[in-house]
Amino acid sequence: MDSKGLVIGNRGGLRDRVGRYLAQWSVFFRGFMAHPKMVGSIIPSSRFTVRRMLEPVNWRECRLFVEYGPGIGTFCRPVLERLSGDATLIVIDTNPLYIDYLSHAIRDKRFHAVLGSAADVERIVREHGFDQADYVLSGLPFSTLPTGVAPEIAAATHRVLRPGGAFLVYQFTAACRDYMAPHFAQIDAGFEWLNILPCKLFWGWKG
Ligand SMILES: C[S@@+](CC[C@H](N)C(=O)[O-])C[C@H]1O[C@@H](n2cnc3c(N)ncnc32)[C@H](O)[C@@H]1O
């Protein structure tokens, strides 16, 4: 465990790391088998995707970072490593297997794992004592979510962000951009080859 109390880590020899990866992957895969359309991938995002997505974040100004669809926490440790000591990370996932896993695996006072839908982000943020979020990150499979859920999530995300905040979205297809476009006047775009599958990256800025 490191100084911030994180249980998930990169320490240990190659055998430890491979063992840990396989254990995490098996939790992820079981979650996929239970809800394939809600998970949308059988492999967590690569470290290259993680680094690219988080690059534009101004960590010094970030008080509240929200993540939708953390799965087994691929982004959680890198976000916590960059986040200030007095800031907060709230992650929201509909899959109880993932929320249960994360609640046990990550021990950090800044970390809150919530079982629920991203569509309810405003209520969840309020319940944690905040009015607005600085950044919202999404790994949701927008194109396979139940009808009506994706536009609802995009609208709620725009409302919950502070002016100058951003919605960070990665996906295998560009479908998410269609849901972001009505709300975010500026959307920066990128592409990450080193991911299975290669994925599209979007950063929507709230003016
Ligand atoms: C492709 S996985 C992303 C996993 C992880 N973020 C990564 O990059 O490796 C998509 C995640 O979205 C979650 N999910 C699907 N619909 C959701 C919703 N409405 N609200 C919150 N999470 C949702 C799934 O349970 C799953 O954990």
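See the structure shown above.
Residues numbered from 1 in each chain as written. Predicted model: local features only at pLDDT ≥ 70, side-chain atom pairs only at ≥ 80, totals over all residues. Heavy atoms only, no water.

Participant: What is the right way to look at the site of the ligand in this model?
Facilitator: Taken together, the neighbourhood of the ligand is formed by 25 residues, with Val39, Ser45, Gly69, Asp93 and Tyr170 sitting nearest. Measuring from a nitrogen atom of the ligand, one finds a backbone N or O atom of Ala118 at 2.9 Å. The separation between an oxygen atom of the ligand and a polar side-chain atom of Tyr170 is 2.7 Å. When the free accessible area of the ligand is taken as 610 Å², the share hidden by the protein chains comes to 96%. The site holding the ligand turns out to be the second largest pocket. (Near = heavy atom within 4 Å. Polar contact = N/O pair within 3.5 Å; in protein donor to acceptor, adjacent residues only side chain to side chain. Areas by Shrake-Rupley, 256 points an atom, 1.4 Å probe, with all protein chains shown as cover. 1 Å grid on protein atoms, 1.4 Å probe; cavity = no way out; pocket = protein on both sides within 12 Å on 5 of 7 lines; lining within 4 Å. Sits in = over half its atoms within 2 Å of the grid points.)

Participant: I would appreciate a short explanation of the layout of surface pockets in the present structure.
Facilitator: The rolling of a water-molecule-sized probe over the atoms marks out the regions of remaining empty space. What the second largest pocket holds in volume is close to 670 Å³. Lining the second largest pocket are 41 residues, and of these Met38, Val39, Gly139, Leu140 and Pro141 lie nearest its centre. Of the residues that constitute the lining of the second largest pocket, the class distribution is 22 nonpolar, 17 polar and 2 charged. (Points joined across faces, edges and corners; volume = space filled by probe spheres on them. Nonpolar A, V, L, I, M, F, W, Y, C, P; charged D, E, K, R; others polar.)

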